[in-house]
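Each chain is listed here by its residues.
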Amino acid sequence: MNTKRSCGILLPLFSLPSEHGIGTLGKAAYEFLDFLSEAGQSWWQILPVGPAGSGDSPYQSFSSFAGNAYFIDLDMLVDDGLLTKAEVGAIECGGSAETVDYNALRENRMPLLRIAARRGLAREDAGFEAFCRDNARWLSDFALYMALKEHFNGSAWYEWPEDIRLHRADAVEKYSRELREDVSFFSYVQYLFYSQWSALRAYAREKGIGIIGDMPIYVALDSADVWAEPEFFLLDEHNVPVEVAGVPPDYFSADGQLWGNPLYDWDAMRRDGYGWWIRRVDGASRLYDALRIDHFRAFESYWAVPRGTESAKQGQWRPGPGMDLVGRLTAWFNNVRFIAEDLGVLTPEVHRLLDESGLPGMKVLEFAFDPASLSDYLPHRYNDNCICYAGTHDNNTLRGWIDEEKPETLAFAREYLGIDDEADLADAVLRAGMRSKAVLFIAQMQDWLGLGASARMNTPGTVGGNWAWRMLPGSATKALAGKMRRMVYIYGRSGKE
């Protein structure tokens, strides 16, 4: 990261206000960048922007390279002549301004995008042709994968007929020909996403705001990544995983977390010079200025759980690629700032890998105030090369944490922060992060808004009810921006000190 002290906000794209059911790359995103600039912030951290799969989770995407079609702004398509206001106004995208209704989006958003794509494809568009050429390596597989998924009634690729399930060349050619209209549609949708993204990122740069992306360590089993390049994953002769990813019990979950993602064949990736990973980070570098590597500890060793097991408790540790991969990525992409998400069960070997990589790790304040022992997450114990978070997307909001945490933990937090029972503990935690030694401080937007547990983004180990919170229009006020800017000044986090 930049060695100058700075701060930023964590807010997923889908959490932005919108009249059309979900946050998009449109007007509200530009207004949020204006707010960040007025508030003295240097960074906007978002969650993965790929098309969400199982559980609508951004960490279970259909592709490591594609963008989420729901983030395409419909009003901008109207401005571009691809849709009419009447067409946009006629669809139902969910009735609540506070949550995302993914079922309504699935039902109504894609048919509208088909209308836009049909009109766009009828134009002579050199930009679309160039986009397809520049992204051919991943785009052709992804577009065919999505067309096939629709052709087979939404089923996962491992339930398709054997010839195309195993990605045989003759079957790929056959279905590419038969489904060419759908393949063109899904390709054009990606063109729309990336066109709107490029414009927004250019505006962020004008405002002096860097965008921090989030790269899940694993990819979803039901993804174009695994279907198209199964040789890089630990699968049997039928392309079925023998073991799957997860984590053992930790402070997020007493039973551990059984993610179910396929594991990498690190030997195959090593023989290929880690080309798959280089392509993946290269794609991310075109979207973001900095990249948080989710579950960084798996590069040192990862938790492998036998497929079919009901609990993550029954896994075992296996060695990861270590600096052999991490060193290549940091050397190859010296224009990308990396953040290592080093949470979870850590060992001396993980700490050594983090030290060797030189990457900043993460400190989470909601984990800091254990009265039984002095945690490394207490601000006075930080080194300079770390990122401090009030809480991540997997944590409760600060207000929710205060409402639900043990009294003795909260009492120690107040003692450590030097405040009495009448003081605002959430505000004191934010100030502790701002004045900490960490080079960067990130807080969820919900915490600056003072929202409770109903605004929580995700509860690890649960399915349903996650990834849905949205910020109400008008929440990011000038008064709040002024308060935040004052704290930036007081604690020297302008990105210039």
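Here's a quick rundown of the structure.

Rules and cut-offs
Residues numbered from 1 in each chain as written. Predicted model: local features only at pLDDT ≥ 70, side-chain atom pairs only at ≥ 80, totals over all residues. Heavy atoms only, no water. Helix = DSSP H or I, 4+ residues; strand = E, 2+ residues; numbered from the N terminus. Expected span 1.5 Å × (residues − 1). Buried < 20%, exposed > 50% of the residue type's maximum accessible area, 1.4 Å probe, protein only. Arc of directions from axis to C-beta. Contact = heavy atoms within 4.5 Å. Pairing = 2+ DSSP bridges. Axes fitted to C-alpha atoms, helices over the stretch in contact; angles between N-to-C directions. Salt bridge = Lys/Arg side-chain N within 4 Å of Asp/Glu carboxyl O. Phe/Tyr/Trp six-rings, centres within 6.5 Å; stacked < 30°, edge-to-face > 60°. Lys NZ or Arg CZ within 6 Å of the ring centre and 35° of its normal.

With 13 residues, helix α19 (residues 478-490) extends 18 Å from end C-alpha to end C-alpha; this agrees with the ideal 18 Å at 1.5 Å per step. Within α19, burial applies to Leu480, Ala481, Met484, Met487 and Val488. Looking straight down α19, one finds its buried side chains confined to an arc of 125°; they lie on one side. In α19, the exposed residues that point more than 90 degrees away from the buried face are Lys478, Ala479, Arg486 and Tyr489. Looking at the buried residues of α19, the elements they touch are β1 (6-10), α1 (27-38), α17 (425-435) and α18 (445-448). Downstream of α19 by a residue or two, Gly492 has a phi angle that is positive, lying close to 65°.

The antiparallel open sheet is built from four strands, whose spatial order is β5-β4-β7-β8. A strand with exactly one partner marks an edge of an open sheet, and here the two such strands are β5 (257-262) and β8 (316-319). Across the sheet, the mean angle separating the axes of adjacent strands is 50° when strand polarity is ignored. Looking at chain direction, strand β4 (residues 243-247) and β5 are connected through three bridges and run antiparallel. Counterpart to Gly246 in the pairing with β5 is Leu258.

Tracing the sequence through the fold places Thr397 in the loop between β11 (386-389) and α15 (398-404). Setting aside residues up to four positions removed in sequence, Thr397 forms contacts with Glu366, Gln446, Asp447, Leu451, Gly452, Ala453, Ala455 and Arg456.

This brings us to the pattern of salt bridges. According to the stated counting rule, one finds 27 salt bridges in the structure shown. Ionic pairing is found between Lys483 and Asp427, a salt bridge with its closest N-O pair at 3.3 Å. With Lys483 in helix α19 and Asp427 in helix α17, this residue pair connects regions lying 56 residues apart in the sequence. Given a relative accessible area of 37%, Lys483 falls into the partly exposed group. With relative accessibility at 17%, the residue Asp427 sits in the buried group. Overlapping salt bridges bring together Asp267, Arg270, Asp324 and Arg328 as one network.

Another aspect to go through is the pairing of strand β3 (residues 210-215). In terms of burial, β3 is a largely internal element, six of the six residues being buried. Of the two faces of β3, the one holding Gly210, Ile212 and Asp214 and the one holding Ile211, Gly213 and Met215 are both buried throughout. Examined bridge by bridge, strand β2 (residues 43-45) and β3 share three bridges and lie parallel to one another. Bridged to Gln45 within β3 is Ile212.

Attention now moves to helix α13 (residues 323-332). Considered for burial, the residues of α13 that qualify are Leu325, Val326 and Leu329. For α13, the arc enclosing every buried residue in end-on projection is 95°, short of the 170-degree limit, so these residues lie on one face. Among the structural elements, α11 (266-271), α12 (275-285), β9 (337-340) and α14 (348-357) are those in contact with the buried residues of α13.

The geometry of an aromatic ring pair comes down to the distance between the two centres and the angle between the two planes. Going through the model one piece at a time under the given rule, you end up with 41 aromatic pairs. Ring plane angle 40° and centroid distance 6.5 Å describe the contact between Phe412 and Tyr416, whose orientation is recorded as tilted. Residue Phe412 and its partner Tyr416 are both found in helix α16 (residues 407-417); the two are separated by four residues, about one turn of the helix. Its relative accessible area of 15% is what places Phe412 among the buried residues. Taken together, the aromatic side chains of Phe65, Phe128, Phe131, Trp138, Phe142, Tyr188, Tyr191, Phe193, Tyr194, Trp197 and Tyr288 make up a single cluster linked through ring pairs. The ring of Phe185 is capped by Arg114, whose NZ or CZ atom sits 4.2 Å from the centre of that ring.

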